[in-house]
Amino acid sequence: MSMNWYTIHNEAAVASPAILLFPDRIRENIRRLIEIAGSPERLRPHVKTHKLPPLIRMQVEAGISRFKCATLAEAVMVAENGGTDILMAYPLYGPAVDMLFQLIRRFPDVRFSALVDNAGQLRVFEQAAATHGLSLGLFLDLDTGMERTGIKPGGEAVELYRQLAQSSRLQPRGLHIYAGHLTQTDPQQREAACAAGFEPVSGFLRALGQEGIRPPELVCG
């Protein structure tokens, strides 16, 4: 690829500083991403890296409907630009819980969900759902080595997912796994590390299966 692919031909007309988008290249990247994944339904891109409505709209035009957000402001941006399935991919506490339920009421055609990794947080979501008279989907956040958020796969996690599955107000959406600690630059080493890191998840799925529980969706990155 030519090193001057980003050359601007109308520099005098561009206010600086500015974020410059090349729509043709963005759409080609989205096309390649869908090709790698196999279908747009298998993708749930995170918007925290760009926070740009035009990119959301391009992804929606390509058939992508599911997104991850780090903040409620990002969730509003996605909902306003065509996203219909939004996962809050960072734990919500305090006022943020009520604010999420306000978004559920504000955008009734959007399916919102959040993460849970402990029993206390699950009770907070249950109470908020009852207070607002609404339901909420939750993904169990599993920690496979990053040690930032999530619960370790094991007996405690099985019990937490069982409690979620038995809730009358909360919907068990599935499992969320983010292996952001894997930073190997060699593709083969990274693939091997990823496979090894997923082994506890496979074991956890088997343990849930023995309980008659089958998570409907896996969100992995």
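See the structure shown above.
Here is what the cut-offs are and how they apply
- Residues numbered from 1 in each chain as written.
- Predicted model: local features only at pLDDT ≥ 70, side-chain atom pairs only at ≥ 80, totals over all residues.
- Heavy atoms only, no water.
- Helix = DSSP H or I, 4+ residues; strand = E, 2+ residues; numbered from the N terminus.
- Buried < 20%, exposed > 50% of the residue type's maximum accessible area, 1.4 Å probe, protein only.
- Contact = heavy atoms within 4.5 Å.
- Areas by Shrake-Rupley, 256 points an atom, 1.4 Å probe, with all protein chains shown as cover.
- Lys, Arg positive; Asp, Glu negative; His and termini not counted.
- Charge placed at Lys NZ, Arg CZ, Asp CG, Glu CD.
- Arc of directions from axis to C-beta.
- Salt bridge = Lys/Arg side-chain N within 4 Å of Asp/Glu carboxyl O.
- Right-handed = clockwise from strand over helix to strand, strands pointing away.
- Pairing = 2+ DSSP bridges.
- Phe/Tyr/Trp six-rings, centres within 6.5 Å; stacked < 30°, edge-to-face > 60°.
- Axes fitted to C-alpha atoms, helices over the stretch in contact; angles between N-to-C directions.

Attention now moves to the overall build of the protein chain. Within the protein chain, the secondary structure is distributed over 7 helices and 6 strands. Each helix and strand of the protein chain, ordered N terminal to C terminal, gives the series α-α-β-α-β-α-β-α-β-α-β-α-β. The C-alpha extent of the protein chain, read off along each of the three principal axes, is 60 × 45 × 30 Å. Taking all 221 residues of the protein chain together, 40% fall into the buried category. Sequence-distant contacts, at least 24 apart, represent 64% of the contacts inside the protein chain between residues at least 6 apart. Counting every atom, the protein chain has about 12,500 Å² of accessible surface; 53% of that belongs to carbon and sulfur. The average position of the 23 basic charges and that of the 23 acidic charges among the side chains of the protein chain differ by 3 Å.

We now examine helix H2 (residues 53-61). For H2, the full list of buried residues reads Leu-55, Ile-56, Met-58 and Gln-59. For H2, the buried positions fall inside an angular range of 160 degrees around the axis, keeping them on one side. Buried residues along H2 sit against helix H1 (23-37), strand S1 (66-69) and helix H3 (72-80). Just past H2, the residue Gly-63 takes up positive phi, approximately 100 degrees.

Tallied over the entire structure, the rule returns 16 salt bridges. Here Asp-24 ties to Arg-25 by a salt bridge, and the two come within 3.8 Å at their closest N and O atoms. The partner of Glu-35 in a salt bridge is Arg-31, with the nearest N and O atoms 3.8 Å apart. Remark: Arg-31 and Glu-35 occur in helix H1; sequence separation between them is 4 residues, near one turn of the helix. With relative accessibility at 43%, the residue Arg-31 sits in the partly exposed group.

In terms of residue burial, strand S4 (residues 136-142) counts as a mostly covered element, since 7 of its 7 residues are buried. Here S4 shows a buried face lined by Leu-136, Leu-138, Leu-140 and Leu-142 and a second buried face lined by Gly-137, Phe-139 and Asp-141. In this fold, strand S3 (residues 111-116) hands off to helix H5 (residues 119-132), which returns the chain to S4; that crossover is right-handed. Both S4 and strand S5 (residues 170-177) contribute to a ladder of 7 bridges, which runs parallel. Bridge assignment links Leu-142 to a residue of S5, and that residue is Ile-177. On the question of chirality, the crossover connecting S4 to the parallel S5 by way of helix H6 (residues 155-165) is right-handed.

It is worth spelling out the packing of aromatic side chains at this point. On inspection of all chains with the given rule, the structure shows 1 aromatic pair. Taking the centre distance of 6.5 Å and the plane angle of 50 degrees together, the rings of Phe-107 and Phe-112 count as tilted.

A few words now on unusual backbone geometry. For the bond from Ser-16 to Pro-17, the omega torsion is 0 degrees, close enough to zero to count as cis. Relative to the elements of secondary structure, Pro-17 occurs in the segment before H1. Of note, Lys-51 is a non-glycine position whose phi angle comes to about 55 degrees, a positive value. Even without being a glycine, Glu-147 presents a positive backbone phi close to 60 degrees. Checked against the element boundaries, Glu-147 lands in the loop between S4 and H6.

Within the secondary structure layout, Arg-27 lies in helix H1. In this structure Arg-27 comes out as partly exposed when scored by relative accessible area, which is 44%. Placed 35 residues apart in sequence, Arg-27 and Ala-62 show a C-alpha to C-alpha distance of 8.3 Å.

With that out of the way, let us pick up the sheet that holds S3. Read from one edge of the open sheet, 6 strands run S1-S2-S3-S4-S5-S6, paired in parallel fashion. The outermost strands of the open sheet, each flanked by one partner alone, are S1 and strand S6 (217-220). Across the sheet, the mean angle separating the axes of adjacent strands is 30 degrees when strand polarity is ignored. Here S3 runs beside S4; their pairing, made up of 4 bridges, is parallel. For Ser-113, the partnering residue across the bridge sits in S4 and is Gly-137.

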